[in-house]
Amino acid sequence: MSEKVEKERLNIYIGKDLLKRLKYCSERYGVSHTQLAVMLIGQGVAGIEKSFNIFDDMSKDLVKHLKDEDN
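(A) Spatial organisation of the overall build of the chain. When you go through the chain residue by residue, the secondary structure sums to two helices and zero strands. For a compact globule of 71 residues, the expected C-alpha radius of gyration is about 11 Å, and the chain comes in at 20 Å, more than 25% above that figure. Viewed in the frame of its principal axes, the chain has a C-alpha envelope of about 60 × 40 × 25 Å. In the chain, which comprises 71 residues, the proportion classed as buried is 6%. With the model as given, the accessible surface of the chain reaches about 7300 Å², and the carbon-plus-sulfur share is 58%. Charge separation in the chain, taken as the distance between the mean sites of 12 positive and 12 negative side-chain charges, equals 13 Å.

Right, here's the structure in full:
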C-alpha cells in the first residue's frame, strides 16, 4: 500500500503558447495538462538536483586531489 503524499497548491502563470503546447502534449499522453506539468516539474527538479550532486562530488574530488598534490 502506498503512503499518502502531502500536497500543496502552486499557482503559476505561463505563456499562451506554452500552455497550448502543454495541452497538445498532454492529450497525446492521455493525461490532463496539470498532471503533465507536475510530471515535467518533477523530472526537471530531479535533473537539477542530480547535477548539483555531480558538481558537489566533483568539487570534493578536486579539493582532495589538490590537497594530495600539496603533500
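(B) Molecular detail of the pattern of salt bridges. Within the structure shown, the criterion is met by one salt bridge. We note a salt bridge from Asp17 to Arg21, for which the minimum N-O separation is 3.8 Å. Here Asp17 pairs with Arg21, and both are found in helix α1 (residues 16–29), just four residues apart, close to one helical turn. Looking at Asp17, the relative accessible area reads 49%, which means it is partly exposed.

(C) Region of the structure containing α1. The first and last C-alpha atoms of α1 sit 20 Å apart over 14 residues, in line with the 20 Å expected at 1.5 Å per residue. Within two residues after α1, Gly30 carries a phi angle of roughly 80 degrees, on the positive side.

(D) Representation of the side chain of Ser26 within the structure. Turning to its location among the elements, Ser26 is positioned in helix α1. For Ser26, a relative accessible area of 3% translates into the label buried.

(E) Representation of the packing of α1 against helix α2 (residues 33–70) within the structure. The contact between α1 and α2 brings their axes to 8 Å, and the two run at 95 degrees. With respect to α2, the axis of α1 lies roughly perpendicular. Each of Leu19, Leu22, Lys23, Cys25, Ser26 and Tyr29 in α1 lies in contact with α2, whose residues at this interface are His33, Leu36, Ala37 and Leu40.

(F) Focus on the environment of Gly42. Position of Gly42 among the secondary structure elements: in helix α2. A C-alpha to C-alpha distance of 15 Å links Gly42 and Val31, two positions eleven residues apart in sequence.

The rules behind these values
Residues numbered from 1 in each chain as written. Predicted model: local features only at pLDDT ≥ 70, side-chain atom pairs only at ≥ 80, totals over all residues. Heavy atoms only, no water. Helix = DSSP H or I, 4+ residues; strand = E, 2+ residues; numbered from the N terminus. Rg over C-alpha atoms; globule rule 2.2 N^0.38 Å. Buried < 20%, exposed > 50% of the residue type's maximum accessible area, 1.4 Å probe, protein only. Areas by Shrake-Rupley, 256 points an atom, 1.4 Å probe, with all protein chains shown as cover. Lys, Arg positive; Asp, Glu negative; His and termini not counted. Charge placed at Lys NZ, Arg CZ, Asp CG, Glu CD. Salt bridge = Lys/Arg side-chain N within 4 Å of Asp/Glu carboxyl O. Expected span 1.5 Å × (residues − 1). Axes fitted to C-alpha atoms, helices over the stretch in contact; angles between N-to-C directions. Parallel < 35°, antiparallel > 145°, perpendicular 65-115°, else oblique. Contact = heavy atoms within 4.5 Å.

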